[in-house]
Amino acid sequence: MSDLKTVGTTVPRKDAMEKVTGAAEFIEDRYMGPMLYAKMKKSTVAHGKIVRIDTDKAEKHPGVKAVLTGKDYPNMIGLYLIDRTFLAVDKVRFWGEPVAVVAATSEKAAAEAVELIEVEYEELPGVFDPREGIKPDAPIIHENLGNYEIVPIFYPKPGTNIANHFKIRKGDIEEGFDQADHVLEKEYYVPQMQHVPIETHKAAVQWSPDGKLTVWSTAQSPNVVRQLLAKSLDIPMHKIRVISSYIGGGFGCKAGASIEGLLVPIAQKYPGHIIRIVFDREEDMQGTFTRQALFSKLRTGFTKDGRITALQYEMIWDGGAYTEYGVNIVRAAGYSSTGAYDIPNVKTDSYCVYTNNSIGGPVRGFGMCEMQWGIERQIEEVAKHLNMDPLEVRLKNGMKRGSTTASGQVVHDVDYEKCLKLVADKIGWGKQESGKDGKLRGKGIAGLVKCPAQPSNAASSAIIRINEDGTAHVMVGATEMGQGMLTAISQIASEALHIPVDKIDIKVPDTDFTPYEWQSVGSRITYTCGTSVKRAAEDALGQIYCIAANLLEVPQEDLSYDGKKVYSNKDPNIKATIREIADSCKKCTGEGIAGPIIGRGSFVPTNMTNLDPETGQGNPGLFYCFGATGVEVEIDPETGVVEILQLASSIDAGKAINPQLATVQLHGGTIMGLSTALYEEVRFDKGIMLNRNFTDYKIATFDNVPHIDSFIVETPETNGPYGARGIGEQPMIGVAPAIANAVSDALGVEFNSFPLTPEKVWRALKDKK
Amino acid sequence: MSDKIKIKFTVNGDSEEREAVVGETLLKFIRDELNLTGTKSGCEIGECGACTVLLDGKPVNSCLVLAVELDGKELLTIEGLSKNGELDRLQQAFIDHAAFQCGYCTPGMIMAARSLLERNPNPNDSEINKALSGNLCRCGAYQEIRDAVKDSASK
Ligand code: FES
Ligand code: FES
């Protein structure tokens, strides 16, 4: 593969010029037409019956065009479990749930009208802790759970708050514990976090008199928005067009369909008008997906030489008020529940539990940060228990080529050992530095693994149009939210077509014109969309050869192509330029040969299977991406402040399509991990989200971000395009446990939850004394 | 109807005379009246820096300034940095270092960094950290932004 020309090189981002000049169009920057502005009325109780909604005053307010309540619009929607309505119908299930929406000629009028809507609730007892919610006598949040439509790979328990119970039964757990010399059992907790992309959720819709619905959305997947709206509103797909713009950060919160459907009935009343909604920061914090909190219990059996023989994992997830997407996070965490380790005997129970907290949903890592927190902390305790080097315990149990995951899937293209050793070496593992001025130093490492969580048949497709002058348009349905899709996909097309990247145009999707893509989530696009594009390029290339053979009267197998011309291997003077071939090629007699070249490619996984409902055994992973994080910290015992002295992050990209962008992505994920490890926690008081802005919900900024040493490992993914696999989410996963392991090393105390705020660290130190 | 006041100012070097709604923010005025949509909104309460522009050469969160305050002042937005299609060297350094992912914070980030470089042509890491600490980047391009600022300073 050393003869690659474009793949593996750093080319500037396709969107760079637009993004540094302010020309990049995000949804709110587009002029779409005559506009009506929408604002939501939100519930003031976390769980309650809606007794009365009075919209009279709001409707009469100057500038107001329409007011819509759940009664007028009871349509249901959901990705895996259809458990939501756009507006609460008879009851509200979380604080801030939309109960009505107003559209007016100005944002101000809409906001004023919202205040005029009167809502009366009969408050119901709430569930704010999933450990309470799972109990048989807990108040029921979804009485209709048994009647909801659900993808049959999830296992809800009607009559309870359990939206999914996922099980792993691998090997023989009893035997595994019998073989163990020691057993450790601990509880762990990971709180909710928020994605806080700097661009909030936004959407606009337009209904045209011929019954066509046009949607502009910040969604990560235009195709899923189209699919879910088609189902919910019973509109055929060709009558729904979803248009994407650049997206100002996604991280999972813009996956699935969220706010797009809210406005459709209003649009239908005002054909031709654009009805737009823009979430403010507070609405974005409180009304969109949060990362589900996790309460877990982990029991590990291990031999005296550090071999793990058994693992029992119980996870109770705070699914929040609706779990249409969350049920799959719970499943993914379940089938991956041994983390990066090969453990023969496993028993996992992963429960998705409804509560009256904000809606749980996908966040970078899709359950892996939360689940592997427990794994990586417990491995550390195992090592301490045995007085062994934690790195050695990781190496001893870490997955290798041929290892099996918790679901029994065999992993192939793995060099976890290298990932671990790179970060360990970088931070000077094994050498203990002492801090200055009474400060305490420690080092920690953690490993990580993640596969995309997606349906076993989640598809991608691509179209490549070769222009008359030999330049090309690549059309895909993947979105650009910063991850660099446009650039990486162009590089793959360029490599396969032998056309330079700057002669390739690629745009963000529009479902009326770009081909199907399931979702831009799960770090899957480089692999799935990349494979489709490679296939489309090969298809176009086949046409180029075929036309050239016809034109030159030379058999295809005797032809070569160098990106500019096709020529005969026997006589290079017999040649045709790509322009001649692509421009509706004709013979010298004037007879046409073939029209424009259009390459098509699609991809659907063939290596994934359903999982056994009782044992969870099967192949849920399209590919597995491994990595590791290494950290050195210094702690001020007086204040509990943790300073990061060294931060090293490695990820096995298989093949970095664009090394610079891969590194930036690795840094970005590592920083998000750092931010959650030290600062981020959404706080609730009986379902009321308390920190709903950037002052109360702190995220890492310049001051908090140290230099990061990054390592892109390249163990080729056999079926990935040019050996590549996705790395977008993974770098985040190991950071929190690595930091906690380092702090624990420095202070000799255990941490079973994060963020490691100064207060928490200080208290832990104080309790130790 | 809302009260409007006539204001005179320069924007990206051009003199303008417009009416501004009393009480409306400069951010709204820039985006909706001047149609300069490069300046972004991320919080509208002064916490994220996405809306940073230069007013008489000083960085401000345009969501915290009233449009009428623009009267008699010089406004520089991201659109005013490149001249005749030539990028400012800070913009070029952002490209060279891939100092962004989604790019939503980028206009504000570049404006804040630009003002730092005018005050301090050779900032070190901690000076950059301090000057840009009000600009959030959730994509986490902080390291690349620091490199881009230093690189453009050294040229
Ligand atoms: S929008 Fe002005 S600081 Fe966030
Ligand atoms: S590049 Fe996305 S927020 Fe900074």
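Residues numbered from 1 in each chain as written. Chains lettered and ligands numbered in written order. Predicted model: local features only at pLDDT ≥ 70, side-chain atom pairs only at ≥ 80, totals over all residues. Heavy atoms only, no water.

### Observations concerning the overall build of chain B
For clarity, the cut-off: Each helix corresponds to a stretch of at least 4 residues labelled H or I by DSSP, and each strand to a stretch of at least 2 residues labelled E; elements are numbered beginning at the N terminus. Based on C-alpha atoms, the radius of gyration is set beside the globule rule, defined as 2.2 Å times the residue count to the power 0.38. Three labels apply to residues, based on accessible area from a 1.4 Å probe with only protein chains included: buried if under 20% of the type maximum, exposed if over 50%, partly exposed otherwise in between. Here the open area of atoms and residues is found with the Shrake-Rupley method and a 1.4 Å probe, where only the protein chains shown may cover a residue. A positive count includes Lys and Arg, and a negative count includes Asp and Glu. His and the chain ends are not counted in either. For this purpose, a charge sits on NZ of Lys, CZ of Arg, CG of Asp or CD of Glu.
Looking only at helices and strands, chain B features five helices and five strands. Here the C-alpha radius of gyration of chain B, 15 Å, is about what a compact globule of 155 residues would show, namely 15 Å. Dimensions of chain B, computed from the C-alpha atoms along their principal axes, are close to 50 × 30 × 25 Å. Burial statistics for chain B: of 155 residues in total, 55% are counted as buried. Counting every atom, chain B has about 6400 Å² of accessible surface; 45% of that belongs to carbon and sulfur. Side chains of chain B give 18 positive and 24 negative charges; the mean places of these two sets differ by 2 Å.

### Observations concerning the sheet that holds strand β3 (residues 52-55) of chain B
Residue and element names in this part refer to chain B. Filter applied, for reference: Strands are labelled as partners when DSSP assigns at least two bridges between them. Between N-to-C directions, angles span 0 to 180 degrees; the directions come from axes that are lines fitted to C-alpha atoms, helices contributing only their stretch in contact. Residue contacts follow a heavy-atom distance rule, with two residues in contact if any of their heavy atoms lie within 4.5 Å.
Overall, mixed pairing links the five strands, which are arranged β2-β1-β5-β3-β4 in an open sheet. If you trace the sheet from one side to the other, it starts and ends with β2 (14-21) and β4 (58-61), each paired once. Strand-to-strand twist of the sheet, defined as the mean angle between neighbouring strand axes without regard to direction, takes the value 40 degrees. In this structure, strand β1 (residues 4-11) lies alongside β2, joined through eight bridges in antiparallel fashion. Residue pairing across strands places Lys8 opposite Glu17, the latter belonging to β2. The strands that helix α1 (residues 26-33) touches are β1, β2, β3 and β5 (74-76); relative to β2, the one it contacts most, it runs at about 115 degrees. Along the sheet face, helix α3 (residues 106-119) touches β3, β4 and β5 and points at about 40 degrees away from the line of β3.

### Regarding the interface of chain B and chain A
Short version of the rule: Put simply, buried area is the surface a 1.4 Å probe can reach on two separate parts but cannot reach once they are joined, added for both. We define a salt bridge as a side-chain nitrogen of Lys or Arg found within 4 Å of a carboxyl oxygen belonging to Asp or Glu. Distance and chemistry together define a polar contact, namely a pair of N or O atoms within 3.5 Å, with one atom able to donate a hydrogen and the other to accept it when in protein, and with adjacent residues in sequence counting only for side-chain atoms on both sides. Ten residue types, Ala, Val, Leu, Ile, Met, Phe, Trp, Tyr, Cys and Pro, are classed as nonpolar, four, Asp, Glu, Lys and Arg, as charged, and the remainder, Gly among them, as polar.
Between chain B and chain A, the contact holds 45 residues from the first and 53 residues from the second. The contact between chain B and chain A buries some 3800 Å² in all, and 59% of this surface belongs to carbon and sulfur atoms. Across the chain B-chain A interface, the total number found is four salt bridges. For the salt bridge of Glu680 of chain A with Arg138 of chain B, the shortest nitrogen-to-oxygen distance reads 2.8 Å. Taken together, chain B and chain A are joined by 23 residue pairs in polar contact (both at pLDDT 80 or more). Counting only elements with at least two residues in the side of chain B that touches chain A, the list comes to α1, α2 (89-96), α3, α4 (125-131) and α5 (142-154) of chain B. With five residues, α5 of chain B is the largest single contributor of residues to the side of chain B that touches chain A. For the side of chain B that touches chain A, the class distribution of residues is 20 nonpolar, 15 polar and 10 charged.

### Section: the pattern of salt bridges
All names here are of chain A. For the structure shown, the criterion picks out 56 salt bridges over all chains. The shortest N-O distance in the salt bridge between Glu199 and Lys254 comes to 3.4 Å. Of this pair, Glu199 sits in the loop between β10 (182-190) and β11 (202-208) while Lys254 is found in the loop between β13 (240-244) and α7 (264-269), placing the two residues 55 residues apart along the sequence. Given a relative accessible area of 1%, Lys254 falls into the buried group. The salt bridge involving Lys570 is made with Asp558; its shortest N-O contact spans 3.1 Å.

### So, the pairing of β4 of chain B
A regular strand carries its side chains on alternate faces of the sheet. Residue and element names in this part refer to chain B. Sheet topology places β3 next to β4; four bridges connect them, and they run antiparallel. Counted as the bridge partner of Val53 is Val60 from β4. Taking the residues that link successive antiparallel strands as the turn, the β3-β4 hairpin has two residues, and the phi of Asp56 there is positive, at about 50 degrees.

### Side note on the domain arrangement of chain B
Residue and element names in this part refer to chain B. So the rule is basically this: Where each domain begins and ends is defined by an automated method or by a domain database.
Taken domain by domain, chain B comprises domain 1 (4-79) and domain 2 (89-154). Computed from C-alpha atoms alone, the centre-to-centre distance between domain 1 and domain 2 is 21 Å. When the two sides are added together, the surface that domain 1 and domain 2 hide from each other amounts to roughly 1100 Å², 64% of it contributed by carbon and sulfur. Our enumeration of links across domain 1 and domain 2 arrives at zero salt bridges. For the pair domain 1 and domain 2, the number of links is five residue pairs in polar contact (both at pLDDT 80 or more). Considering every element that reaches the side of domain 1 that touches domain 2, the biggest residue donor is β3, with three residues. Grouping the amino acids of the side of domain 1 that touches domain 2 by side-chain chemistry returns seven nonpolar, six polar and two charged.

### Considerations on the sheet that holds strand β19 (residues 460-466) of chain A
Residue and element names in this part refer to chain A. Sheet architecture is open: four strands sit in the order β21-β20-β19-β25, paired in mixed fashion. In this open sheet, the two strands that pair with only one neighbour each are β21 (504-506) and β25 (598-603). Each strand axis lies, on average, 20 degrees off the axis of its neighbour in the sheet, ignoring direction. Relative to strand β20 (residues 472-476), β19 is paired through five bridges, and the arrangement is antiparallel. Note on β20: the bridge partner recorded for Ala462 is Val476. Along the sheet, helix α13 (residues 485-497) contacts β19, β20 and β21; its crossing angle with β21, the most-contacted strand, is approximately 145 degrees. Running at roughly 145 degrees to β25, helix α14 (residues 525-552) makes contact with β19, β20 and β25 of the sheet.

### A few points about the domain arrangement of chain A
Residues and elements named next belong to chain A. Split into domains, chain A comes out as domain 1 (16-23 + 458-603), domain 2 (32-124 + 201-278) and domain 3 (290-454 + 610-768). The gap between the C-alpha centroids of domain 1 and domain 3 is 39 Å. Each side of the interface is counted separately: domain 1 has 22 residues, and domain 3 has 22 residues. Summed over both partners, the interface of domain 1 with domain 3 comes to about 1700 Å²; 63% of that surface belongs to carbon and sulfur atoms. Between domain 1 and domain 3 we count zero salt bridges in total. Run the count over domain 1 and domain 3 and you get seven residue pairs in polar contact (both at pLDDT 80 or more). For the side of domain 1 that touches domain 3, the elements supplying multiple residues, two or more each, are α13 and α14.

### A word on helix α11 (residues 390-397) of chain A
All names here are of chain A. Stated formally: What the arc describes is the spread of directions from the helix axis to the C-beta atoms.
Of the residues making up α11, those classed as buried are Pro390, Leu391, Val393, Arg394 and Asn397. End-on view of α11: buried residues confined to an arc of 160 degrees, all on one side of the axis. Capping of α11 at its N-terminal end is provided by Asp389; its side-chain oxygen lies 2.8 Å from the backbone amide nitrogen of Leu391.

### Some thoughts on the nonpolar core
What counts is decided by this rule: We define the nonpolar core as a collection of buried residues of types Ala, Val, Leu, Ile, Met, Phe, Trp, Tyr and Cys that are connected through side-chain atoms lying within 4.5 Å of one another.
Counting 256 residues, the largest nonpolar core has Leu213, Ile464, Val476, Val533, Ile739 and Val743 of chain A together with Phe94 of chain B as the members making the most contacts within it. Residue contributions to this core peak at 13 residues, all from α14 of chain A. Other than its neighbours up to four places away in sequence, Val476 of chain A contacts Ser461, Ala462, Met485, Ile489, Ile506, Pro509, Thr514, Pro515, Cys529 and Val533 of chain A.

### Overview of unusual backbone geometry
The omega torsion across Phe754 of chain A and Pro755 of chain A is 10 degrees, close enough to zero to call that bond cis. Within the element layout of this structure, Pro755 of chain A appears in the loop between α17 (735-747) and α18 (758-768). Phi is positive for Asn35 of chain B, which is not a glycine, with a value near 55 degrees. Looking at the secondary structure, you find Asn35 of chain B in the loop between α1 and β3. Take Asn35 of chain B: its relative accessible area is 57%, and that puts it in the exposed class.

### With respect to the packing of aromatic side chains
Describing an aromatic ring pair means giving the distance of the ring centres and the angle of the ring planes. All names here are of chain A. Definition in use: Classification of ring pairs rests on two measures: the distance between centres of Phe, Tyr or Trp rings, Trp counted by its six-membered ring, which must be within 6.5 Å, and the angle between planes, read as stacked under 30 degrees, edge-to-face over 60 and tilted in between.
For the structure on display, the rule yields 18 aromatic pairs over all chains. Summarising the aromatic geometry, the rings of Phe289 and Tyr325 are spaced 5.8 Å apart at their centres and angled 85 degrees between planes, so their arrangement reads as edge-to-face. Of the two residues, Phe289 is situated in the loop between α8 (281-287) and β15 (294-302) and Tyr325 in the loop between β16 (308-320) and α9 (326-335); the sequence distance between them amounts to 36 residues. Given a relative accessible area of 3%, Phe289 falls into the buried group. Take Tyr325: its relative accessible area is 2%, and that puts it in the buried class. With centroids separated by 5.9 Å and ring planes inclined at 65 degrees, the aromatic side chains of Tyr325 and Phe366 adopt a geometry described as edge-to-face.

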